[in-house]
Amino acid sequence: QEYTGLKMQITEFGPKAAHIKEKAAGKKVVMVAATLRPETMYGQTNCFVGPSVKYGLYASSSTLGSKEEVLYLVTRRAARNMAYQGLLAKEDVIPEAVYEFTGADLIGSRVNAPNGVHPEVYVLPMETVSATKGTAVVTCVPSDSPDDYITSLDLKKKAEYYGIDPSWVALEPVPVLSTPSYGDLTAKTLVEKFRIQSPKDVKQLAEAKELAYKEGFYQGTMVIGPFKGSKVEDAKTKVREDMIARDLAFAYSEPENLVMSRSA
Ligand code: ZZB
């Protein structure tokens with residue numbers, strides 16, 4: 001699986017993240033979100049972590065020896081894949097974290113949202129984040145991801161239950177691309193069409209995600225950014241290459257799931 005690793009630098013450590021800031025000792029901390037939709041980054045409204053998922057800080061290879069050292073914030077599993085790809089300071093070893101903590105500690109921190117209309121967003125909890133996919137850091141694009149749309153609604157409705165400030169989840173979905181069937185807020189349209197009520201409606205969400213991927217990719221036209229008016233099919237690679245060239249992101253891949261490749 002070929003992801004784009006989006007570099008979301010922490011600009012402000014949240015109320016429970018003082019200990020992380022301390023251990024980072026003045027180094028930049030960059031949360032790496034794994035995405036398959038680099039063309040949708042204009043519409044980021046939050047960054048999600050799994051509240052009980054374990055994360056760590058790992059020294060990046062890109063800034064080794066320079067004054068501006070960078071620590072990537074990902075799961076240990078992702079760090080291992082990154083080490084093999086030369087993205088960490090030490091290659092071919094089981095990388096050692098500078099420090100480890102759970103996602104809950106990151107809630108309420110602020111991060112850069114590269115390419116985003118909203119240049120900075122808050123980190124929020126997403127219970128359905130998988131610890132064994134990507135980096136377990138997920139950028140929230142409620143215009144085009146049904147999971148992100150319904151999770152944002154749920155967080156808004158139950159802010160107190162989740163222990164978050166309502167202002168952290170105040171950004172509305174931003175139209176990024178338009179499709180003939182679902183308009184310019186594909187995720188909202190699909191969530192309503194499938195009557196999805198909560199992030200726990202996993203079956204309908206899987207179906208909605210599949211449709212959003214297909215329709216967005218094959219029928220979508222960009223309505224924002226330098227490739228406005230282009231087909232998503234054409235814009236996708238261009239946006240990705242541009243982000244990588246500007247050092248906003250890097251290529252991050254994961255080995256195929258063994259069970260899947262065996263049955264394929
Ligand atoms: C931004 C984005 C915008 C995404 C969109 C999707 C969509 P997949 O297809 O199952 O491989 N993601 C990444 N890592 C995780 C994780 N550990 N747990 C839960 N979700 C995760 O999933 C890849 C997509 O799922 C990634 O691409 C990421 O969200 C999220 F408009 O990044 B995406 C129709 C989907 N639209």
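So, how was this worked out
- Residues numbered from 1 in each chain as written.
- Predicted model: local features only at pLDDT ≥ 70, side-chain atom pairs only at ≥ 80, totals over all residues.
- Helix = DSSP H or I, 4+ residues; strand = E, 2+ residues; numbered from the N terminus.
- Buried ≥ 20, exposed ≤ 12 C-beta atoms within 10 Å, placed from the backbone.
- Near = placed C-beta within 6 Å.
- Nonpolar A, V, L, I, M, F, W, Y, C, P; charged D, E, K, R; others polar.
- Pairing = 2+ DSSP bridges.
- Expected span 1.5 Å × (residues − 1).
- Arc of directions from axis to C-beta.
- Contact = placed C-beta atoms within 7 Å.
- Axes fitted to C-alpha atoms, helices over the stretch in contact; angles between N-to-C directions.
- Parallel < 35°, antiparallel > 145°, perpendicular 65-115°, else oblique.
- Core = buried A, V, L, I, M, F, W, Y, C linked by C-beta atoms within 7 Å.
- Left-handed = near helix turned anticlockwise from the far one by under 90°.

The chain is annotated in an unreviewed UniProt entry as leucine--tRNA ligase of Leucosporidium creatinivorum.

If you tally the helices and strands in the chain, you get eight helices and twelve strands. Principal-axis analysis of the C-alpha atoms gives the chain an extent of 50 × 40 × 40 Å. The buried share of the chain, taken over its 264 residues, is 46%.

Near the ligand, the surroundings consist of 18 residues, among which Thr35, Gly134, Asp144, Ser145 and Ala212 are the closest. Counting only elements with at least two residues in the shell around the ligand, the list comes to strand E2 (28–35), strand E9 (137–140) and helix H6 (202–219). Of all the elements, H6 adds the most residues to the shell around the ligand, at three residues. For the shell around the ligand, the class distribution of residues is eight nonpolar, six polar and four charged.

Our focus in this paragraph is the pairing of strand E8 (residues 120–125). The side chains of a regular strand alternate, residue by residue, between the two faces of the sheet. Across the six residues that make up E8, a large majority, five, are buried. For strand E3 (residues 46–49) and E8, the ladder comprises four bridges, and the chain directions are parallel. Looking at E8, one finds that Phe48 is bridged to Leu124.

In this section: H6. Spanning 18 residues, H6 covers 25 Å between terminal C-alpha atoms, matching the ideal 26 Å at 1.5 Å per step. Within H6, the full set of buried residues consists of Leu205, Ala208, Ala212, Glu215 and Gly216. The arc that holds every buried residue of H6, seen down its axis, measures 105 degrees, which confines them to one face. Exposed residues on H6 whose side chains face more than 90 degrees from its buried face are Lys203, Ala206, Glu210, Lys214 and Tyr218. Looking at the packing, one finds that the buried side of H6 touches helix H3 (146–157), strand E10 (177–178), helix H5 (186–193) and helix H7 (232–245).

Packing of H3 against H5 brings their axes to within 8 Å, and their N-to-C directions diverge by 75 degrees. Compared by their axis directions, H3 and H5 come out roughly perpendicular. Contact residues: Pro146, Asp148, Tyr149 and Ile150 in H3; Ala187, Lys188, Leu190 and Val191 in H5. For the contact of H3 with H5, the residue count by class is six nonpolar, no polar and two charged.

On to the nonpolar core, then. Most often, soluble globular proteins keep nonpolar side chains buried together rather than apart. Among the nonpolar cores identified, the biggest contains 62 residues, and Met31, Cys47, Leu71, Leu73, Val74 and Leu124 are the most heavily contacted of them. Of the residues forming this core, the biggest block, six residues, is contributed by E2. Grouped together as the second largest cluster of nonpolar side chains are eleven residues, Tyr182, Ala187, Ile196 and Leu205 included.

As a further point, take the packing of H5 against H6. Packing of H5 against H6 leaves a shortest axis separation of 10 Å and a crossing angle of 145 degrees. The chirality of how H5 crosses H6 is right-handed. Between H5 and H6, the contacting residues are Thr186, Ala187, Leu190 and Val191 on the first element and Ala208, Leu211, Ala212, Glu215 and Gly216 on the second. The residue makeup of the contact of H5 with H6, split by class, is six nonpolar, two polar and one charged.

Among the structural elements, Gly50 can be located in the loop between E3 and strand E4 (54–59). Spatially, the C-alpha atoms of Gly50 and Ile107 are 9.8 Å apart, while their sequence positions differ by 57 residues. The contact partners of Gly50, leaving out residues within four places of it in the chain, are Gly103, Met126, Val129, Ala131 and Ala136.

Here we take up unusual backbone geometry. Phi at Ala25 takes a positive value of approximately 50 degrees, unusual for a residue other than glycine. Note on Ala25: 10 C-beta atoms within 10 Å, which makes it exposed. Despite not being glycine, Ala136 has its phi angle at roughly 65 degrees, a positive value. Here Ala136 shows up in the loop between E8 and E9. Taking the C-beta count within 10 Å as the criterion, Ala136 has 26 such neighbours and is therefore assigned buried.

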